[in-house]
Amino acid sequence: MAVALAALIQDPAAPPARHIAVGAASPIPAAACWLVRKAGANVRLSLLHKRRGNPFTEGTRELFDLAGQGRIDLFFLGGGQIDGQANINLIGTGDWPGSKVRFPGSFGSAFMYMMVPRTILFREEHSPRVFVPRVDIVSAPGISAPGVYRRGTAQALVTGKCVFGFDPARARFRLVSVHPGETAASVRAATGFDYDEPATVEDTPDPSAEQLALLRGAVCDEMLETYPEFCRRVWQREAQERVA
Amino acid sequence: MDLLQLDALASLVLDGATVALPPDNSLPSCALVRALIRAGRKNLHLIGVPVSGYASDLLIGAGCVASIETSGVTLGEAGAAPRFVAALAAGTITVLDATCPAMHTMLQAAEKGVPFMPLRGIIGSDILAHRPDWKVIDNPFAPEIDPIVLLPALRPGFALFHAEMADTHGNVYVGRRRELATIAHASNRVLVTVEQVVDFDLLDDERLAPGTIGGAYVDHVAIAQRGAWPIGLPGCYDFDAAHFAEYARMARTDAGFQAYLQRYVYSDAALAAAE
């Protein structure tokens, strides 16, 4: 997923990503950003939840002030539910404010999704309970009515099974590529919303040897402090270890 | 500046107070939160600036909280906030959902002493539909139709946080955690726990002054060593991830949570640590 995200970050068809922000609870996007950076790209990364070396000296509002001005080019959002119109739900299922299952809350999504030119949606769990025809509660809308100020919306949705692109004019996803072991049919079976599908679906490229080495080494080094559990689970690395 | 004991500091926060707390990646005073639980506070209205974490979950589980206004409640990598989720399901608390920049903006309006401030975004989110106190107007400066959200000023009764040091003038050093300055400026009363009180003026030091909240905003200070624990205090001690995992595990059930309170809030060892 991190490699697929990295490819989207550097998509030549998209507006350039000079300053990328990564919010709370986003280890996979953080890994993707570090992968882009460690591979030599000139991007500024602002990681909101870094405990040391936090980039903001005017408090946590500074991220939102930057985004309000249009100084953040790319952001990442997940969702407890995501629907076919790219609406995201971080509040809960059932009635307001989450009568069936309560999620943590919307964080900055209701602002960032509309202020940042490009958002990449991500969710590892690819199942009909996550990817629903219509979210129970809208934390942040995928598209807005004409006249409502908005700089951008979803560029793509990356899951544990595939990559979808998003067409805001049609408010509809299209399948772009499937990860190893998946097919167009297996993605269709696991997705609760309808989407477009090309006649032949490409495979998501495998990570290169260089990318894998970076992920396990320099990328993990950067992430150990903020995401110790993630690094332990994915790379079997403890917080004290450093690759020489 | 009025230097108090921790329990005396906690006694200033009365039942029903509105209390602003920073999240776990900033500097909540967990020592003061434990003292509030020991004092048996009830019906607190918590304000997460801009989100809430362990300190809020602890207060909710201990039955101190009537409502919480926040943009999210989470233990980060340790997962969902178990007592928040349980209390919401049981109907013993209410939640007023917001979005992070709105929390900051409402406090900034209070800082400036203006009744409201505008913020982009939010239109189309169901949050707006459940916030009758948030209004949408047509931008009076735009040549064409341009709806924009207005947010009311938010003035918490109390701001509670922890910091590395205060001086005898009541100036408090928070370093780059400037959101604490916003909370302090906007709140009626500011109660701070610190690792130490230094005997020089923080504002006389050009390097420390930009990270210092002026004593004019600070009402009372108490010394609480390791007062952020299990949160980390940058430069002093690290975030205690193992303790967070233990909390997340124990707080899954009410019985486990009560055992946690006995061990880490009410026990003699916990009391000794608070002195």
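Residues numbered from 1 in each chain as written. Chains lettered and ligands numbered in written order. Predicted model: local features only at pLDDT ≥ 70, side-chain atom pairs only at ≥ 80, totals over all residues. Heavy atoms only, no water.

Participant: Tell me what's going on with the packing of aromatic side chains, and back it up with residues and numbers.
Facilitator: Centre-to-centre distance and the angle between the planes together describe a pair of aromatic rings. Under the criterion given, the structure shown has 16 aromatic pairs over all chains. Ring centres 5.6 Å apart and planes at 90° place the aromatic pair Phe230 of chain A and Trp235 of chain A in the edge-to-face group. With a relative accessible area of 8%, Phe230 of chain A lands in the buried category. Since its relative accessible area comes to 14%, Trp235 of chain A is described here as buried. An aromatic cluster is defined as three or more aromatic residues linked by ring pairs; in this entry it consists of Tyr54, Trp229, Phe239, Phe244, Tyr247, Phe257, Tyr260 and Tyr264 of chain B. Geometry around Tyr195 of chain A places Arg188 of chain A over its ring, the cationic atom sitting 3.9 Å from the centre. (Phe/Tyr/Trp six-rings, centres within 6.5 Å; stacked < 30°, edge-to-face > 60°. Buried < 20%, exposed > 50% of the residue type's maximum accessible area, 1.4 Å probe, protein only. Lys NZ or Arg CZ within 6 Å of the ring centre and 35° of its normal.)

Participant: Give me the environment of Ile28 of chain A: which residues, what numbers.
Facilitator: Residues and elements named next belong to chain A. Locating Ile28 in the fold gives a position in helix H2 (residues 27-38). C-alpha separation for the pair Ile28 and Ala2, spaced 26 residues apart in sequence, amounts to 5.6 Å. With residues up to four places along the chain from it excluded, the contact list for Ile28 reads Met1, Ala2, Leu5, Glu124 and Phe230. (Helix = DSSP H or I, 4+ residues; strand = E, 2+ residues; numbered from the N terminus. Contact = heavy atoms within 4.5 Å.)

Participant: I'd like a rundown of the domain arrangement of chain B, residues and numbers included.
Facilitator: Residues and elements named next belong to chain B. Per the domain assignment, the segments making up chain B are domain 1 (2-98 + 155-274) and domain 2 (100-152). With centres defined by C-alpha atoms, the gap from domain 1 to domain 2 works out at 28 Å. Each side of the interface is counted separately: domain 1 has 17 residues, and domain 2 has twelve residues. Across the domain 1/domain 2 interface, buried area totals approximately 1,200 Å², and carbon plus sulfur atoms make up 71% of it. The three residues of domain 1 that bury the most area against domain 2 are Pro50, Ala98 and Thr182, which together make up 34% of that side's buried surface. Linking domain 1 to domain 2 there are one salt bridge. A salt bridge links Arg131 to Glu69, with the shortest nitrogen-to-oxygen separation between them at 2.9 Å. (Domains from an automatic or database assignment. Buried area = accessible area lost by both parts, 1.4 Å probe. Salt bridge = Lys/Arg side-chain N within 4 Å of Asp/Glu carboxyl O.)

Participant: Outline the interface of chain A and chain B, supporting the account with residue identities and numerical values.
Facilitator: Contact with chain A, which involves 39 residues of that partner, is made by 40 residues of chain B. Summing both sides of the interface, chain A and chain B together bury roughly 3,300 Å²; the carbon and sulfur share of this comes to 60%. For the pair chain A and chain B, the interface holds 14 residue pairs in polar contact (both at pLDDT 80 or more). Among the elements that line the side of chain A that touches chain B, the one with the most residues is helix H4 (residues 109-115) of chain A, at five residues. Among the residues forming the side of chain A that touches chain B, the class breakdown is 20 nonpolar, 13 polar and six charged. (Polar contact = N/O pair within 3.5 Å; in protein donor to acceptor, adjacent residues only side chain to side chain. Nonpolar A, V, L, I, M, F, W, Y, C, P; charged D, E, K, R; others polar.)

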